[in-house]
Amino acid sequence: MKKFIALLLVLIMTAAVFASCGGSGGDKNIRVWVGEESVEFYQTVCDEYIAAHPDFGYTVEVKGMDTGAVAGTISTDPKAAADIYTVAHDNIGKLASTQCAKPIGDESLIAQVLADNPESFQNVIYSTLNGQKYLYGVPYISQALFLYYNKALVTDEQAKTFEGLREAAVAAGTKAITVTGDDGFNMSFALLATKVSDHSTTVKIYEGAESVSGGSKGASNCQGDDTVAIYRWLQEYAADENGFKWASPDGWDADLDKSNKGVLAVIGGAWHYNTAKAALGETNLGIALIPTFTLTEKSVEGLSSVSAGDVYRGGTFADCKCFMINANSSKDKYAAEQELIKFMSSKEIQNRSYLACLNVPAYVGASSFIEQCYNEGKVTESQYNLAAMQVSMAEWGIPQPFITGTLNSYYYSKNAPQVLRAIVDKTAYPTTGDTILSETESLEGIRKALYLIEYLWMHGTTPKDFPASLPTPA
């Protein structure tokens, strides 16, 4: 409790410095950006709030945006952006460091954020500037990857394991599973897989990183025996005629379509729900955790800290979408903006947003409300599973740890995802500079590829030479 109060006081006092950011003027309208699917709902609740608080002093205009592209839109022209906008939390550091965001200073809102949200989200909604930590993002939606599968051809029991999916694929004459993209987010199911017995993994991605002026990239590791074994296992599974496949040029939904039967399952997110439902029909649409898989003798050969028979579950980035305040918004609106965000991010409105838009709440304990809605018949079985699996997958994942734009770029845009795909495909990967990755099939080749990925994460460029001995110390 003392820690909570101390942090609360620090945040309030330091954020007050920024309260005067933005110009002043007579604009009495607060503009809010949310996802396209949520516009009507948030316009309604904001209108309700204004009606219940006649002294609020502002009208509210809610507009739909592609939340995945909002950060780029704001960075390009922050003065034209909304007063309050929605972004995924991994954009917070970039927007804060480029003076596109204003920190939260309202005492009651800060207290609500600290009281309602899990520690994993609280670790990624701050940014550090000039050595001081500020709260910038207010979580209100959570999201994670999970499994969609064809219930007409896959039993619920088979959907629990990659081996079971393959069994169903053999019977159907298809491939077992695909992904919606080969980028570093959608392929996190392998990279972030953890041992079922104890949730352990040697993978580290920017652990302990400090944002903005701190400059520290933290610690990363991608060379553990478990990571080697997992990618060896995935190589086997991808080589199997009934195993893993990349999405076809026509798209993953064409592969999943019940009339095509090209694949039985796909790893995706809530934003793929309507497309998956259209491909299979709601009756045939199964939703489950990302399955488990068992390491084989071949996958652990020559490795000391893993064993054949070890069981892992595919992992995910378990993220939150946040409300943030535009630094260019009028300082006269600052108090009202925080008042409105406190209302829109409250548990009550998050619950209503789930029922209206299927937005999964971000607060601790939301699973109880989701289950209650299903038991009371307020949502369908697939809608219930959509939320329940995201909440459950959060236990098998981490929030994206990219607290600066640099870290985000190093992870996603400096060729690390392409090297991971090369490992899966057992193909050579020519890098830039003097480094050529000749093959990604032998133990040495896989170790070189994983070292290269870790180096790209930390430096954003390729090394000139590989160390004489791999793996290098973490």
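Residues numbered from 1 in each chain as written. Predicted model: local features only at pLDDT ≥ 70, side-chain atom pairs only at ≥ 80, totals over all residues. Heavy atoms only, no water.

Q: It is not clear to me how the overall build of the protein should be interpreted in this structure. Could you clarify?
A: Helix and strand content of the protein: 19 helices and 20 strands. By the compact-globule yardstick of 23 Å for 474 residues, the protein fits well, its C-alpha radius of gyration being 23 Å. Principal-axis analysis of the C-alpha atoms gives the protein an extent of 70 × 55 × 45 Å. Across the 474 residues in the protein, those meeting the buried criterion constitute 55%. Excluding contacts between residues fewer than 6 apart, the proportion of contacts in the protein whose partners are at least 24 apart in sequence is 75%. One way to put it: in the protein the 36 positive side-chain charges average out to a point 3 Å from where the 54 negative ones average out. (Helix = DSSP H or I, 4+ residues; strand = E, 2+ residues; numbered from the N terminus. Rg over C-alpha atoms; globule rule 2.2 N^0.38 Å. Buried < 20%, exposed > 50% of the residue type's maximum accessible area, 1.4 Å probe, protein only. Contact = heavy atoms within 4.5 Å. Lys, Arg positive; Asp, Glu negative; His and termini not counted. Charge placed at Lys NZ, Arg CZ, Asp CG, Glu CD.)

Q: How do you make sense of helix H17 (residues 405-413) when you look at a structure like this?
A: Three- or four-residue spacings in an α-helix give side chains the same orientation, since the helix completes a turn every 3.6 residues. Leu-407, Asn-408, Tyr-410 and Tyr-411 are the residues of H17 that are buried. Each buried residue of H17 lies within a common arc of 165° when the element is viewed along its axis, so the set occupies one face. As for H17, its buried residues are in contact with helix H8 (188-191), strand S10 (204-207), strand S16 (316-317), helix H18 (416-425) and helix H19 (443-459). Asn-415 sits one or two residues past H17 and shows a positive phi near 85°. (Arc of directions from axis to C-beta.)

Q: I keep staring at the environment of Leu-109 and nothing clicks. Help me out?
A: Along the chain, Leu-109 falls in helix H5 (residues 107-116). Along the sequence, Leu-109 and Ser-346 sit 237 residues apart, while their C-alpha atoms lie 9.5 Å from each other. Aside from chain neighbours lying at most four places away, what touches Leu-109 is Ile-104, Val-138, Gln-338, Ile-341, Lys-342 and Ser-345.

Q: Please explain the sheet that holds strand S12 (residues 263-268) as it appears in this structure.
A: Strand pairing within a sheet occurs via backbone hydrogen bonds; the two strands may be parallel or antiparallel. One open sheet accounts for 4 strands, arranged S8-S12-S7-S13; its pairing is mixed. Whereas interior strands pair on both sides, the edge strands pair on one side only; in this sheet they are strand S8 (175-179) and strand S13 (285-288). On average, adjacent strands in this sheet sit at an angle of 25° to one another, irrespective of strand direction. (Pairing = 2+ DSSP bridges. Axes fitted to C-alpha atoms, helices over the stretch in contact; angles between N-to-C directions.)

Q: Sorry, what's going on with the sheet that holds strand S15 (residues 311-313) here?
A: The 3 strands lie next to each other as S9-S15-S14, forming an open sheet whose pairing is antiparallel. Either end of the sheet is taken by a strand with one partner, and the two such strands are strand S9 (194-195) and strand S14 (292-294).

Q: Sorry, what's going on with the side chain of Lys-245 here?
A: As for its placement among the helices and strands, Lys-245 is situated in the loop between helix H9 (225-239) and helix H10 (252-256). Here the side chain of Lys-245 touches Asp-255 through a polar contact of 3.1 Å, side chain to side chain. With residues near it in sequence (within four places) discarded, Lys-245 still touches Lys-175, Ile-177, Thr-178, Val-179, Asp-255, Gly-262 and Val-263. (Polar contact = N/O pair within 3.5 Å; in protein donor to acceptor, adjacent residues only side chain to side chain.)

Q: How should I be thinking about the packing of aromatic side chains in this particular structure?
A: Each pair of aromatic rings is reported with the distance of its centres and the angle of its planes. All told, the structure shown has 31 aromatic pairs when counted by the stated rule. The interplanar angle of 15° and the centroid separation of 4.0 Å between the aromatic rings of Trp-233 and Phe-293 together place this pair among those described as stacked. Of this pair, Trp-233 sits in helix H9 while Phe-293 sits in strand S14, placing them 60 residues apart in sequence. Across the pair, exposure class does not vary: Trp-233 and Phe-293 are buried alike. Centre to centre, the rings of Phe-293 and Tyr-312 are 6.1 Å apart; their planes meet at 15°, and the pair counts as stacked. In this pair, Phe-293 sits in strand S14 while Tyr-312 sits in strand S15, placing the two residues 19 residues apart along the sequence. Across the pair, exposure class does not vary: Phe-293 and Tyr-312 are buried alike. Within the aromatic cluster, the residues linked to one another by ring pairs are Phe-162, Phe-189, Trp-233, Tyr-237, Phe-244, Trp-246, Phe-293 and Tyr-312. Arg-313 extends its terminal NZ or CZ atom over the ring of Trp-396, reaching a point 5.1 Å from the ring centre. Over the face of the ring belonging to Trp-246 we find Arg-421, whose NZ or CZ atom lies 4.1 Å from the ring centre. (Phe/Tyr/Trp six-rings, centres within 6.5 Å; stacked < 30°, edge-to-face > 60°. Lys NZ or Arg CZ within 6 Å of the ring centre and 35° of its normal.)

Q: Would you explain the pairing of strand S7 (residues 146-150) in this entry?
A: Working note: regular strand, side chains alternate between the two faces of the sheet. Of all 5 residues that make up S7, 5 are buried, and the element is covered over most of its length. Pairing of S7 with S12, which is carried by 4 bridges, proceeds in the antiparallel orientation. Of the residues in S12, the one forming a bridge with Tyr-148 is Val-266. Examined bridge by bridge, S7 and S13 share 4 bridges and lie antiparallel to one another.

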